[in-house]
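Here's the letter readout for the chains.
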Amino acid sequence: MNALLQEVLRHGDVVVQCHDVPDADAIASGFALSRFIESRGCKARFVYGGPRPITKPNLTRMVRKLEVPLEHVRELPRPRMLVTVDCQYGGGNLARFEADDFAVIDHHRPGIPEGANVLIRPALGSCSTLVWDLLRDAGFDFASAMPVNTALYYGLFTDTNQLSELRHPLDRDLAELSPVDWATVKEMRNSTLTAGELGIVSDALASAFTVGDVGVLKAKPCDPNILGFASDIAQQVDGFAACVVYCHVNAGLKLSVRSSVREVMASELAAFLAGEAGSGGGGMEKAGAFMACSDIGKVAPGVAPDDYLLERIRRYNGHFDHIYCGACDVDFNRAPVYRKLRNVQGFAKTADVFPEGAPICVRTLEGDIDTVASKDVYLMIGVAGEVYPIGRGRFERDYEALASAYASVAEYPPSVIDRRDGERKALLPHVRACVPRREKLIRAIELGRDAKVFSDWDRERYFLGRAGDYIAASDFDPGDIFVVNRAIFEKTYAPAAGR
Ligand SMILES: [Mn+2]
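Computed from a predicted structure; not experimentally measured.

Student: What should I look at first to understand the sheet that holds strand S18 (residues 377-381) in this one?
Tutor: Think of a sheet as strands paired side by side through backbone hydrogen bonds, with each pair either parallel or antiparallel. One open sheet holds the five strands; their spatial order is S19-S18-S15-S23-S20, and the pairing between them is antiparallel. Only two strands of the sheet have a single neighbouring strand rather than two, namely strand S19 (387-391) and strand S20 (399-405). Pairwise comparison of adjacent strand axes, ignoring direction, gives a mean angle of 40 degrees for this sheet.

Student: Would you mind going over the environment of Tyr470 with me for this structure?
Tutor: Examined against the element boundaries, Tyr470 turns out to sit in strand S27 (residues 470-474). Considered as a pair, Tyr470 and Gly288 are 182 residues apart in the sequence and their alpha carbons are 29 Å apart. In contact with Tyr470, other than residues within four places in its own chain, are Ala444, Ile445, Glu446, Leu447, Val484, Arg486 and Phe489.

Student: It is not clear to me how the sheet that holds strand S13 (residues 321-324) should be interpreted in this structure. Could you clarify?
Tutor: One open sheet holds the three strands; their spatial order is S13-S25-S26, and the pairing between them is mixed. Of all strands in the sheet, those bounded by a partner on one side alone are S13 and strand S26 (463-465). Across the sheet, the mean angle from the axis of one strand to that of its neighbour is 25 degrees, orientation sign disregarded. By the bridge criterion, three bridges tie strand S25 (residues 451-454) to S26 in an arrangement that is antiparallel. For Ala451, the partnering residue across the bridge sits in S26 and is Gly465.

Student: Honestly, the pairing of strand S12 (residues 286-292) in this entry has me stumped. Any pointers?
Tutor: Remark: a regular strand shows side chains that alternate across the two faces of the sheet. Counting buried positions along S12 yields seven of seven residues, so the element is predominantly enclosed. Taking every second residue as pointing to the same face, both faces of S12 are buried, with Lys286, Gly288, Phe290 and Ala292 on one and Ala287, Ala289 and Met291 on the other. Bridging between strand S10 (residues 252-259) and S12 involves seven bridges; their strand directions are antiparallel. Looking at S12, one finds that Lys254 is bridged to Phe290. Inspection of the sheet shows strand S11 (residues 278-282) paired to S12 by five bridges, in the antiparallel sense.

Student: Sorry, what's going on with unusual backbone geometry here?
Tutor: With the exception of glycine, most residues fall at negative phi, and the peptide bonds are largely trans. For the bond from Ser178 to Pro179, the omega torsion is 0 degrees, close enough to zero to count as cis. As for its position among the elements, Pro179 is in the loop between helix H6 (169-174) and helix H7 (182-189). Look at Asp86: it is not a glycine, yet its phi comes out positive at around 60 degrees. At Asn250, a position not held by glycine, the phi torsion is positive, near 50 degrees. Of note, Asn250 is situated in the loop between strand S9 (242-249) and S10. Here Asn250 falls in the buried class, since 23 other C-beta atoms lie within 10 Å of it.

Student: Would you explain the domain arrangement of the protein in this entry?
Tutor: The domain boundaries assigned to the protein delineate domain 1 (3-189), domain 2 (195-318), domain 3 (323-339 + 439-495) and domain 4 (342-436). Tallying the contact residues gives 16 residues for domain 1 and 19 residues for domain 2. When the residues that make up the side of domain 1 that touches domain 2 are grouped by side-chain class, the tally is three nonpolar, nine polar and four charged.

Student: Help me understand the packing of helix H4 (residues 127-137) against helix H5 (residues 146-159) in this model?
Tutor: Angle between the axes and distance between the axes: these two values describe a pair of packed helices. Two elements in contact, H4 and H5, have axes whose closest approach is 8 Å; the angle formed by their N-to-C orientations is 145 degrees. Residues Ser128, Thr129 and Trp132 of H4 form the contact with H5, whose participating residues are Leu152, Gly155 and Leu156. For the contact of H4 with H5, a count of residues per class yields three nonpolar, three polar and no charged.

Student: Honestly, the nonpolar core in this entry has me stumped. Any pointers?
Tutor: Taken as a class, soluble globular proteins show a tendency for nonpolar side chains to be buried jointly. By size, the foremost hydrophobic cluster in this structure holds 53 residues, and its most contacted members are Ile27, Ala32, Val83, Val131 and Ala151. When residues in this core are grouped by element, the largest group, nine residues, is from helix H2 (residues 24-39). If sequence neighbours within four positions are ignored, Ile27 has contacts with Cys18, Pro22, Leu59, Met62, Val63, Val68, Leu70 and Ala151.

Student: Can you walk me through the environment of Asp100 in this structure?
Tutor: Summarising the element assignment, Asp100 is placed in the loop between strand S4 (81-85) and strand S5 (101-106). Sequence separation between Asp100 and Val257 is 157 residues, and the spatial gap between their C-alpha atoms is 41 Å. Those residues in contact with Asp100 that sit more than four places away from it in its chain are Arg78 and Arg80.

Student: Help me understand the environment of Met380, please; the structure alone is not making it clear to me.
Tutor: Take Met380: it is sitting in strand S18. You can call Met380 partly exposed: it has 19 C-beta atoms within 10 Å. Counting along the chain gives 23 residues from Met380 to Ala403, while the straight-line C-alpha distance between them is 16 Å. In this structure, Met380 is in contact with Gln345, Phe347, Tyr388 and Ile390, ignoring residues within four places of it in sequence.

Definitions and cut-offs
- Residues numbered from 1 in each chain as written.
- Predicted model: local features only at pLDDT ≥ 70, side-chain atom pairs only at ≥ 80, totals over all residues.
- Pairing = 2+ DSSP bridges.
- Helix = DSSP H or I, 4+ residues; strand = E, 2+ residues; numbered from the N terminus.
- Axes fitted to C-alpha atoms, helices over the stretch in contact; angles between N-to-C directions.
- Contact = placed C-beta atoms within 7 Å.
- Buried ≥ 20, exposed ≤ 12 C-beta atoms within 10 Å, placed from the backbone.
- Domains from an automatic or database assignment.
- Nonpolar A, V, L, I, M, F, W, Y, C, P; charged D, E, K, R; others polar.
- Core = buried A, V, L, I, M, F, W, Y, C linked by C-beta atoms within 7 Å.

This is how it looks when you write it as structure tokens:
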């Protein structure tokens, strides 16, 4: 069990607090944590402060149907242990209650110093994901906790714009949790708008203007669902390469981002806009971001949050060189030649994990890869832990299996899921070590500016290269261009002598 949970349980009597304008993710996180604490024989109280009780129809329904023991309080007798979920003790979006000791479980950007009782993971799409992962690790019995599962699922669902802005493989894992009360999810999903909020959507759509070729729409403070709804429409506007729909909420800016062209990936745009003042991410077409006003104030003192956002969009336009394979100014013929070192990598045979013919999904930190278990499909694990499929023929030509064991460097251990029935197996037990048979030669040049590199063999996405990274071409095929992260480059390549 995580040390933070142990510390929380040690107090025996705990108050869990979420932010003052609770959303589904905050309610789910606090609910699950409270149930866990009670399951360990301790007492838990789940509260929120602030001037107003919740009125949003989906949230009042969530609390009622799932029997969430959430209390709206103005005062709190000093607890021995106060855990804030989906927010950080002392932050601007939650009432401050005195406590002997406190702990923090959150997925927003850290606004407080690190500490033993502070667990913040901004890479996760929801706080529900973090609480679920902690409880799973602690052996919580999810199989007989359907209301908790339903709440966690719905918390993730709403914080990731209906699962379209999932960021981390753990988010994808939570999305498959069962059993879930789907009837209640359906009711909550379809009671998010009041008739008045339809007006927010139409006002937001009417507010559209452009910064470069990015459509920008501002909504009145509202539920993130409404932002997603509006950005799904704005995405389809001819002439918008991307769109950003945003509003002020929870003492910050909440963004819903959509991409309409190959040249913009929504996840990367969202992360760029948030920059040092927040966090953002999601998928290629749909993504989201949040920036706390206090963080904007630190990064850009005296700049209004709205102006900061517009400035970030302006900066994004023109920030990147666009390098298209076959039509680029980079003269690879004059570029230095490097040899790929014979580093140990990992590989697994898909047919060792699931029977021949099974449709499988390989879940990795970089995303899901769909393929089929087959004696002809292998999976490679690269020097940075990245997973990618490779044909058996190519593997046997280019790599040599080793007898030694493979030592994993992955932050998220990859798993393989049978897409027919959801059965899941860890990949690492099937991974063995291998090395390249030959030294591959490449030509490479250091990037002077951030760049988007468009290859011929992936017509859907691009490689994002940072200044200092390398743009490379296979020595014998200058049409095969790719970007190598500087740290990986230094580990993987060395100058080829005499070339
Ligand atoms: Mn959240």
